[in-house]
Amino acid sequence: MFEHLTTPDDLLTFRLGSLLNAEKDSLDMLEELARATSERIRPLFAEHAEETRRQITNVERCLELVGSPEDASPSPTTAGLAKEAHSLLRKTDDALHDDVALSAALETEHHEIATYSSLLVLADGPDKADLRDLLAANLAEEVGAADKIVTALRAAHGQS
């Protein structure tokens, strides 16, 4: 859709389209990670998959608010993180799958946190309050998910 970005709104719209694809990539990755992990970890991924479905709906609504159709802007970062996780899972002993899955999920969460944070800055102005509300809701869920992942990773290693 965009060959050249010339305004902050162009950048905002492009990043929203990329974020939509990032969230979809994340959902696919969460589903794969849930299959590769222990019963102890699966509920965490199932819960965040449900949050991610809501986040996808919120990002789709954001695109509507900025007047852009669903965009096919790629998200090479999340695609790369998912590819790396898949590769690492194939290389590791089953006993390490939870560690790999949790680490991969945490990396993805931090990318999404950074993306939502930057979008909140771009969504400046009184006419973008609804957009900011949706982005802030998603950001809060991403921060919460990252905290839960860190807690689970520490618990897996006997740390509090």
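The text that follows walks through the structure, step by step, so that each part is easy to find. These numbers were taken from a predicted model, which means no experiment stands behind them.

**Structural notes on the nonpolar core**
Here is step 1: Within the largest apolar cluster, 39 residues are counted, with the highest numbers of intra-cluster contacts made by Leu16, Leu33, Phe45, Leu102, Leu131 and Leu135.
Here is step 2: Contributions of two or more residues to this core are made by helix H1 (8-36), helix H2 (42-65), helix H3 (76-91), helix H4 (97-122) and helix H5 (129-156).
Here is step 3: Tallying contributions element by element places H1 first for this core, with ten residues.

**Things to note about the packing of H2 against H4**
Helix-helix packing: each pair is described by the crossing angle between the helix axes and the interaxial distance.
Here is step 1: Between H2 and H4, whose axes approach to 13 Å, the crossing angle comes to 25°. Judged on the interaxial angle alone, H4 and H2 are roughly parallel. With respect to the hand of their crossing, H2 and H4 are arranged in left-handed fashion. Contacts from Leu44, Phe45, His48, Gln55 and Val59 in H2 reach Ala101, Leu102, Ala105, Glu109 and Tyr116 in H4.

**Side note on the packing of H3 against H4**
Here is step 1: Contact geometry of H3 with H4 gives a least axis separation of 10 Å together with a crossing angle of 175°. By the angle between their axes, H3 is roughly antiparallel relative to H4. The segment H3 lies against H4, with Thr77, Thr78, Leu81, Glu84, Ala85, Leu88 and Leu89 engaging His97, Val100, Ala104, Glu107, Thr108 and His111.
Here is step 2: Per-class residue counts for the contact of H3 with H4 are six nonpolar, five polar and two charged.

**A short note on the pattern of salt bridges**
Here is step 1: In total, this model carries eight salt bridges according to the counting rule given.
Here is step 2: One salt bridge connects Arg42 with Glu39, and the closest N-O pair in it is separated by 2.1 Å.
Here is step 3: A relative accessible area of 28% places Arg42 in the partly exposed class.
Here is step 4: Across the pair Lys148 and Glu47 runs a salt bridge, and its minimum N-O distance is 2.4 Å. Taken as a pair, Lys148 in helix H5 and Glu47 in helix H2 lie far apart in primary sequence, 101 residues in all.
Here is step 5: Here Glu47 falls in the partly exposed class, since its relative accessible area comes to 36%.
Here is step 6: Each of Glu31, Glu50 and Arg53 takes part in salt bridges that share partners, so that together they form one network.

Calculation rules
Residues numbered from 1 in each chain as written. Predicted model: local features only at pLDDT ≥ 70, side-chain atom pairs only at ≥ 80, totals over all residues. Heavy atoms only, no water. Core = buried A, V, L, I, M, F, W, Y, C linked by side-chain atoms within 4.5 Å. Buried < 20%, exposed > 50% of the residue type's maximum accessible area, 1.4 Å probe, protein only. Helix = DSSP H or I, 4+ residues; strand = E, 2+ residues; numbered from the N terminus. Axes fitted to C-alpha atoms, helices over the stretch in contact; angles between N-to-C directions. Parallel < 35°, antiparallel > 145°, perpendicular 65-115°, else oblique. Left-handed = near helix turned anticlockwise from the far one by under 90°. Contact = heavy atoms within 4.5 Å. Nonpolar A, V, L, I, M, F, W, Y, C, P; charged D, E, K, R; others polar. Salt bridge = Lys/Arg side-chain N within 4 Å of Asp/Glu carboxyl O.

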